[in-house]
Amino acid sequence: QVQLVESGGGLVQPGGSLRLSCAASGMLFNFYDAGWYHQAPGKQRELIARISKLGITYHAEPIKGRFTISRDNAKNVVDLAMNSLKPEDTAVYYCNAQGGSFSYWGQGTQVTVSS
């Protein structure tokens, strides 16, 4: 059974940092591209960062220079280091793994940036 489990969300003040982690199981993780999406209330889910199975990264413009995606295929983990957080980063953050015609999602973790 394929599972993606996110962790690391929470409440943080503006300018603070969080590190999200997504643990994959039941799959050959190194064969999948991985990504982080966020979904703010009333908005569509959006891709914010992606890392290919070869380690090539993409970061969306609003988070470039503040967030960094990384993966450890030996541990079946993809992380998102988030720095200089802003109130507009408040959202549910979802992990995704995609390979061929297969796409898997985690259950999401809430990130709230507020003073």
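Scroll up for the structure.
Just so it is clear, the model here is predicted, and its values are computed rather than measured.

What counts, and at which threshold
Residues numbered from 1 in each chain as written. Predicted model: local features only at pLDDT ≥ 70, side-chain atom pairs only at ≥ 80, totals over all residues. Heavy atoms only, no water. Helix = DSSP H or I, 4+ residues; strand = E, 2+ residues; numbered from the N terminus. Buried < 20%, exposed > 50% of the residue type's maximum accessible area, 1.4 Å probe, protein only. Polar contact = N/O pair within 3.5 Å; in protein donor to acceptor, adjacent residues only side chain to side chain. Salt bridge = Lys/Arg side-chain N within 4 Å of Asp/Glu carboxyl O. Phe/Tyr/Trp six-rings, centres within 6.5 Å; stacked < 30°, edge-to-face > 60°. Lys NZ or Arg CZ within 6 Å of the ring centre and 35° of its normal.

A. Geometry of the side chain of His59. With respect to the element layout, His59 can be found in strand S6 (residues 57–59). The exposure class of His59 is buried, given its relative accessible area of 15%. Reaching out from His59, the side chain makes a polar contact with the backbone nitrogen of Ile69 at a distance of 3.0 Å.

B. Here's a closer look at the pattern of salt bridges. Inspection of every chain in the model, using the stated rule, returns four salt bridges. In this structure, Asp33 and Lys53 form a salt bridge, with 3.7 Å as the shortest nitrogen-oxygen distance. You can see Asp33 sitting in strand S4 (residues 33–39) and its partner Lys53 sitting in the loop between strand S5 (46–51) and S6, a full 20 residues away along the chain. In this structure Asp33 comes out as partly exposed when scored by relative accessible area, which is 25%. The residue Lys64 makes a salt bridge to Glu61 at a minimum N-O spacing of 3.2 Å.

C. Main features of the packing of aromatic side chains. Inspection of every chain in the model, using the stated rule, returns three aromatic pairs. Pairing Tyr32 with Tyr104 gives two aromatic rings, centres 6.0 Å apart and planes at 55 degrees, and the pair type is tilted. Here Tyr104 lies in strand S10 (residues 102–105) and Tyr32 lies in the loop between strand S3 (18–25) and S4, a separation of 72 residues in the sequence. Overall, Tyr32 belongs to the buried group, its relative accessible area being 12%. Look at Tyr104 and you get partly exposed, because its relative accessible area is 23%. Between the aromatic rings of Tyr37 and Trp105, the centroid separation amounts to 4.8 Å while the plane-to-plane angle is 65 degrees, which identifies the pairing as edge-to-face. Of the two residues, Tyr37 sits in strand S4 while Trp105 sits in strand S10, which places them 68 residues apart along the sequence. Members of the aromatic cluster, connected to one another through ring pairs, are Tyr32, Phe102 and Tyr104. The ring of Phe29 has Arg71 lying over it, and the distance from NZ or CZ to the ring centre is 4.4 Å.

The quantities given are spatial measurements derived from coordinates; they are silent on function.
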